[in-house]
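Notes for the structure review
Each chain is listed here by its residues.
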Amino acid sequence: MDAREFKQRFMPHYKLLYRVACLLTGNAQNAEDLLQDMYLKLWQKRDELPDAAMKEAYLVTMIRRLFLDQRRMKHVNTSAELKEELSPPDERSLDHQIDSKDEARQMEGLISQLPERDAKIIQMHLMEDRSYEEIEQDTGLSQGNIRIIVMRTRQKLKQQFQNITKTWTK
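Below: a short report on this structure. (Residues numbered from 1 in each chain as written. Predicted model: local features only at pLDDT ≥ 70, side-chain atom pairs only at ≥ 80, totals over all residues. Heavy atoms only, no water.)

**A look at the environment of R65**
Positionally, R65 belongs in helix 4 (residues 56-86). R65 sits in the exposed class, given a relative accessible area of 53%. Put simply, R65 and M38 are 27 residues apart on the chain and 9.9 Å apart in space, counted from C-alpha to C-alpha. (Helix = DSSP H or I, 4+ residues; strand = E, 2+ residues; numbered from the N terminus. Buried < 20%, exposed > 50% of the residue type's maximum accessible area, 1.4 Å probe, protein only.)

**Section: the packing of helix 1 (residues 3-10) against helix 3 (residues 28-44)**
The N-to-C vectors of helix 1 and helix 3 enclose an angle of 130 degrees; their axes lie 11 Å apart at closest approach. As judged from the angle between their axes, helix 1 and helix 3 are oblique. You can see that helix 1 and helix 3 cross each other, and the crossing is right-handed. Mapping the contact onto sequence places A3, F6 and F10 in helix 1 and Y39, L42 and W43 in helix 3. (Axes fitted to C-alpha atoms, helices over the stretch in contact; angles between N-to-C directions. Parallel < 35°, antiparallel > 145°, perpendicular 65-115°, else oblique. Left-handed = near helix turned anticlockwise from the far one by under 90°. Contact = heavy atoms within 4.5 Å.)

**Digging into the side chain of D118**
Relative to the helices and strands, D118 is located in helix 6 (residues 116-127). Within the local environment of D118, its side chain forms a polar contact with the side chain of R117, the two groups lying 3.2 Å apart. Beyond its immediate sequence surroundings of up to four residues, D118 is in contact with I149 and T153. (Polar contact = N/O pair within 3.5 Å; in protein donor to acceptor, adjacent residues only side chain to side chain.)

**Considerations on the packing of aromatic side chains**
Inspection of every chain in the model, using the stated rule, returns 5 aromatic pairs. Between F6 and W43, the ring centres sit 5.1 Å apart and the planes meet at 90 degrees, which makes this aromatic pair edge-to-face. Placement of F6 in helix 1 and of W43 in helix 3 is noted, with a sequence separation of 37 residues between them. Of the residues examined, W43 reaches a relative accessible area of 30% and is grouped as partly exposed. For the ring pair Y14 and Y18, a centre distance of 6.1 Å and an interplane angle of 15 degrees mean the geometry is stacked. In this pair, Y14 and Y18 are both assigned in helix 2 (residues 14-25), 4 residues apart and thus about one turn of the helix distant. Through pairs of rings, three or more aromatic residues link up here, namely F6, F10, Y14, Y18, Y39 and W43. (Phe/Tyr/Trp six-rings, centres within 6.5 Å; stacked < 30°, edge-to-face > 60°.)

The following block contains the structure:
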């Protein structure tokens, strides 16, 4: 099955599947992710699919099962994290936590020494996990300028941080 045939078979069901995904996830972005995962699975198995796969009932069942599988996996991952958190820490993990906090404080200090504009942009991008588009709206700078500022600031911070860590290990 080629891409054209795949689109003809499965894209007419997109609106229904999107509504089902929204009902399952309760959120438009998660629904889109779920739908994308389902279409990816369909594409990967496109030559093995039964004729029933073109029917809405099959596709709705598939998206529901995919949602449940993802939820189970998330639950399993969360359970593993909880077990890890509940177990007593060993000395190495405590040392690692202390080192990580110290490194974070050092990085915050380096960021505070940056020019105000660069510090604001790097904080929005790295710490607040904001997109270039969101930063563009807040700062009025173009996305190209923001990318350059982020790249140069990261390089500068990395170099300064390496200089600091070299003095720690001497």
